[in-house]
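Chain residues, written in single-letter form:
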Amino acid sequence: MTKQVRPDWTTYFLDIATAVGKRSTCLRRKYGAIIVKDKIIISTGYNGAPRGEVNCIDTGNCEREKYNVPKGQRYELCVAVHAEQNAVIAADPVKMKGATIYIVGYNADGTLASGKPCLLCRRMLKNAMIAKVVYLETDGSIIEVAPSEIQ
């Protein structure tokens, strides 16, 4: 009988964030985020249109793609709420204090997208008192950093 190998906690939570991202309604990129404290999932979020609004996957239209807007620019053209934002919105503020958020993103072609939070999301994570951000980078490396240390 071969010994079963279990993923470490970081891999486990990044895998769950990947699964959450499959619910994304964005045509460009699929992001998933989970907030964890003491190895317990507090909240999840994926990127997509606000509740009650039409999703890009349903309209087949992405304004940022239409104008070839580079990643990280012209967010005002996008109707989506970021995965991190949705996870923070859905979480109990008391439980978020000192927690870790795990973020994974994929481009429409299936390649890894950087899970590094944008400036606005970093501000929200600081305000939510999230202690650590763990995300996958485009080369598959795992980055672990405090929200205030993200450049």
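Being a predicted model, the structure only gives us computed values, none of them experimental. (Residues numbered from 1 in each chain as written. Predicted model: local features only at pLDDT ≥ 70, side-chain atom pairs only at ≥ 80, totals over all residues. Heavy atoms only, no water.)

### Side note on the packing of aromatic side chains
Enumeration over the complete set of coordinates arrives at four aromatic pairs. Ring geometry for Trp9 and Tyr12: centres 5.7 Å apart, planes at 85°, overall edge-to-face. Residue Trp9 and its partner Tyr12 are both found in helix H1 (residues 9-21); the two are separated by three residues, about one turn of the helix. Residue classification places Trp9 among the partly exposed positions, given a relative accessible area of 43%. Every member of this aromatic cluster is reached through a ring pair, and the members are Trp9, Tyr12, Phe13 and Tyr102. (Phe/Tyr/Trp six-rings, centres within 6.5 Å; stacked < 30°, edge-to-face > 60°. Helix = DSSP H or I, 4+ residues; strand = E, 2+ residues; numbered from the N terminus. Buried < 20%, exposed > 50% of the residue type's maximum accessible area, 1.4 Å probe, protein only.)

### Some details on the pattern of salt bridges
Under the criterion given, the structure shown has three salt bridges. For the salt bridge of Glu65 with Arg28, the shortest nitrogen-to-oxygen distance reads 2.7 Å. With Glu65 in helix H3 (residues 63-66) and Arg28 in the loop between H1 and strand E1 (29-37), this pair connects stretches of sequence that are 37 residues apart. Linking Glu76 and Arg74 is a salt bridge whose minimum nitrogen-to-oxygen distance equals 2.5 Å. (Salt bridge = Lys/Arg side-chain N within 4 Å of Asp/Glu carboxyl O.)

### Quick notes on the UniProt feature "binding site: Zn(2+)" (unreviewed entry) in the protein chain
Taken from the UniProt record, the annotation "binding site: Zn(2+)" (unreviewed entry) applies to His82, Cys118 and Cys121. Spatially, the listed residues are clustered: although they cover 40 residues, their C-alpha atoms lie within 9.2 Å of one another. By the secondary structure assignment, His82 is in the loop between H3 and helix H4 (83-90). When neighbours within four sequence positions are excluded, His82 is seen to be in contact with Tyr46, Asn47, Tyr75, Cys118 and Cys121. Mapped onto the fold, Cys118 is located in the loop between strand E4 (112-113) and helix H6 (119-127). Given a relative accessible area of 14%, Cys118 falls into the buried group. In contact with Cys118, other than residues within four places in its own chain, are Tyr75, His82 and Glu84. (UniProt positions renumbered as here; feature names shortened; annotations may be inferred. Contact = heavy atoms within 4.5 Å.)

### Regarding the environment of Ala87
Its place among the elements puts Ala87 in helix H4. Relative accessible area serves as the criterion here: at 0%, Ala87 is assigned to the buried category.

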